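# Tertiary structure, described
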Amino acid sequence: VFAGNRVLLGAEPLAAVYSGHQFGVWAGQLGDGRALLLGELAAPEGNQEIQLKGSGRTPYSRGADGRAVLRSSIREFLCSEAMAGLGIPTTRALAIVAADLPVIRETVETAAVVTRMAPSFLRFGSFEHFYATGKVDQLRLLADYLIAKCRPELAGEPDPYLALLDDVVRRTATLVARWQSVGFCHGVMNTDNMSILGLTIDYGPYGWIDSYDPDWTPNTTDASGRRYRFGYQPRIAQWNLLQLARALSILVEDPKGLEEALDLYGKEFARGQKAMLLAKLGLDV
């Protein structure tokens, strides 16, 4: 099952569509090119979606093989569990299955599938997709689904969609403040790699700074070496939130509320980073 070779009885696996901005440029439709949602498990602390990464082609593979390699699978497993140990919101790793199958990247590597878990794998790009394609009913359905499933306390708000944006802004600000406090650089903060729940998601070219260097990035494909460097993460997260706000704008009753929600980001980030850095010194806020 965790290799993607057999479907559990009663399961209905699916790959999700989304769009997004990559390196600040609209990339259009993307989607789970090598990720497959097996289903959802009920758990005392909240339901968890179970997803395979690297099990093969999906409708959104765009010509790729849909496979993952052992090297990157181990990196995702170790880093997501390390982040959880550090108290930083993240998807979790459940298992790795390796296979004696060749995968062609820069060289020939060994295939693997990593099983990961999260309350939801929805991204900023999930909402951008339906906004960009003019599917307002589907956008509203997606937002209603997320609120009912993961943020039911928002359903009673005067404008639940604005309350949803407010929630994402706060969680994203806290998440990035935590990244900065431990020297973690995500490396590819495209809007399709930003969790709507404020989780660290999609461990690609990540890394930790060995000494303080705001210009450092682990992403060799960031041509300018500037957009996804460590010191830019707070402002890139804010830019990504602006794209999410634009996607939700057609659902929100008062557009002015969008600006007010976005304005919270700077305050929440500053407050969170100050608290975390003071805690490193054993000081109270």
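Look up: the structure comes first, before these words.
Residues numbered from 1 in each chain as written. Predicted model: local features only at pLDDT ≥ 70, side-chain atom pairs only at ≥ 80, totals over all residues. Heavy atoms only, no water.

Turning our attention to the state of the cysteines. Inspection of the entire model under this criterion finds 0 disulfides. Just so you know, Cys79 is unpaired, no disulfide at all, and the nearest cysteine sulfur is the one on Cys185, 11 Å from it. You can call Cys79 buried: its relative accessible area is 2%. (Disulfide = S-S within 2.5 Å. Buried < 20%, exposed > 50% of the residue type's maximum accessible area, 1.4 Å probe, protein only.)

Aromatic ring pairs are described here by two measures, namely the spacing of the ring centres and the angle between the planes. Within the structure shown, the criterion is met by 9 aromatic pairs. An aromatic cluster is present here, built from Trp179, Phe184, Tyr203, Tyr206 and Trp208 joined pairwise through their rings. Sitting over the ring of Tyr206, Arg75 keeps its end group 4.1 Å from the ring centre. Over the face of the ring belonging to Tyr232 we find Arg229, whose NZ or CZ atom lies 4.0 Å from the ring centre. (Phe/Tyr/Trp six-rings, centres within 6.5 Å; stacked < 30°, edge-to-face > 60°. Lys NZ or Arg CZ within 6 Å of the ring centre and 35° of its normal.)

The next point concerns the nonpolar core. Of all hydrophobic cores here, the largest spans 59 residues; its most connected members are Phe127, Leu146, Leu165, Trp179, Ile196, Leu244 and Tyr265. At the level of elements, α1 (70–85), α2 (124–132), α3 (136–150), α4 (160–182), α5 (233–248) and α6 (255–280) are the ones that each hand at least two residues to this core. The element contributing the most residues to this core is α4, with 12 residues. With near-sequence residues (within four places) excluded, Trp179 lies in contact with Met83, Ile88, Phe184, His186, Met189, Thr200, Phe230 and Gln233. With 5 residues, the next largest nonpolar core counts Leu38, Ile50, Leu52 and Val113 among its residues. (Core = buried A, V, L, I, M, F, W, Y, C linked by side-chain atoms within 4.5 Å. Helix = DSSP H or I, 4+ residues; strand = E, 2+ residues; numbered from the N terminus. Contact = heavy atoms within 4.5 Å.)

A word on the layout of surface pockets. When its volume is computed, the largest pocket comes out at roughly 1300 Å³. Residue lining of the largest pocket: 37 residues in total, with Arg34, Lys53, Val188, Gly204 and Pro205 positioned closest to the centre. Per-class residue counts for the lining of the largest pocket are 11 nonpolar, 12 polar and 14 charged. In this structure, the second largest pocket encloses a volume near 480 Å³. Taken together, 24 residues form the lining of the second largest pocket, with Leu14, Ala16, Leu37, Leu122 and Tyr145 sitting closest to its centre. Taken together, the elements giving at least two residues each to the lining of the second largest pocket come down to β3 (35–41), β4 (48–53), α2 and α3. Classifying every residue of the lining of the second largest pocket by side-chain character gives 14 nonpolar, 5 polar and 5 charged. (1 Å grid on protein atoms, 1.4 Å probe; cavity = no way out; pocket = protein on both sides within 12 Å on 5 of 7 lines; lining within 4 Å. Points joined across faces, edges and corners; volume = space filled by probe spheres on them. Nonpolar A, V, L, I, M, F, W, Y, C, P; charged D, E, K, R; others polar.)

Attention shifts here to the packing of α4 against α5. Put simply, α4 and α5 touch, their axes get as near as 10 Å, and they point 165° apart. The pairing of α4 with α5 is recorded here as roughly antiparallel in orientation. The chirality of how α4 crosses α5 is right-handed. Here Tyr161, Leu165, Val168, Val169, Thr172, Val176, Trp179 and Gln180 of α4 come into contact with α5, specifically with Gln233, Pro234, Ala237, Leu241, Leu244, Ala245 and Leu248. Looking at the contact of α4 with α5 residue by residue, the classes come out as 12 nonpolar, 3 polar and no charged. (Axes fitted to C-alpha atoms, helices over the stretch in contact; angles between N-to-C directions. Parallel < 35°, antiparallel > 145°, perpendicular 65-115°, else oblique. Left-handed = near helix turned anticlockwise from the far one by under 90°.)

We now examine the pattern of salt bridges. Under the criterion given, the structure shown has 15 salt bridges. The closest approach of N and O atoms between Glu76 and Lys53, which form a salt bridge, is 2.9 Å. Of this pair, Glu76 sits in helix α1 while Lys53 sits in strand β4, and the two are 23 residues apart along the sequence. The pair formed by Glu76 and Lys53 is uniform in burial state, with each residue classed as buried. One connected set of salt bridges, linked through shared partners, spans Lys53, Glu76, Arg116, Arg123 and Asp202. (Salt bridge = Lys/Arg side-chain N within 4 Å of Asp/Glu carboxyl O.)

Before going further, it helps to examine α5. Think of an α-helix as turning once every 3.6 residues; residues three or four places apart then point the same way. The end-to-end C-alpha distance of α5 is 23 Å, a good match for the 22 Å that 16 residues give at a rise of 1.5 Å each. Considered for burial, the residues of α5 that qualify are Gln233, Pro234, Ile236, Ala237, Asn240, Leu241, Gln243, Leu244, Ala245, Ala247 and Leu248. Buried-residue contacts for α5 involve β1 (19–22), α2, α3, α4, β8 (184–185) and α6. (Expected span 1.5 Å × (residues − 1).)

We now examine the packing of α5 against α6. At a closest axis distance of 11 Å, the pairing of α5 and α6 adopts a crossing angle of 165°. When the axis of α5 is compared with that of α6, the two are roughly antiparallel. Like other packed secondary-structure pairs, α5 and α6 cross with a definite hand, here right-handed. Contacts between α5 and α6 involve Gln233, Pro234, Ala237, Gln238, Leu241, Leu242 and Ala245 on the former and, on the latter, Leu258, Leu262, Tyr265 and Phe269. When its residues are assigned to classes, the contact of α5 with α6 shows 9 nonpolar, 2 polar and no charged.

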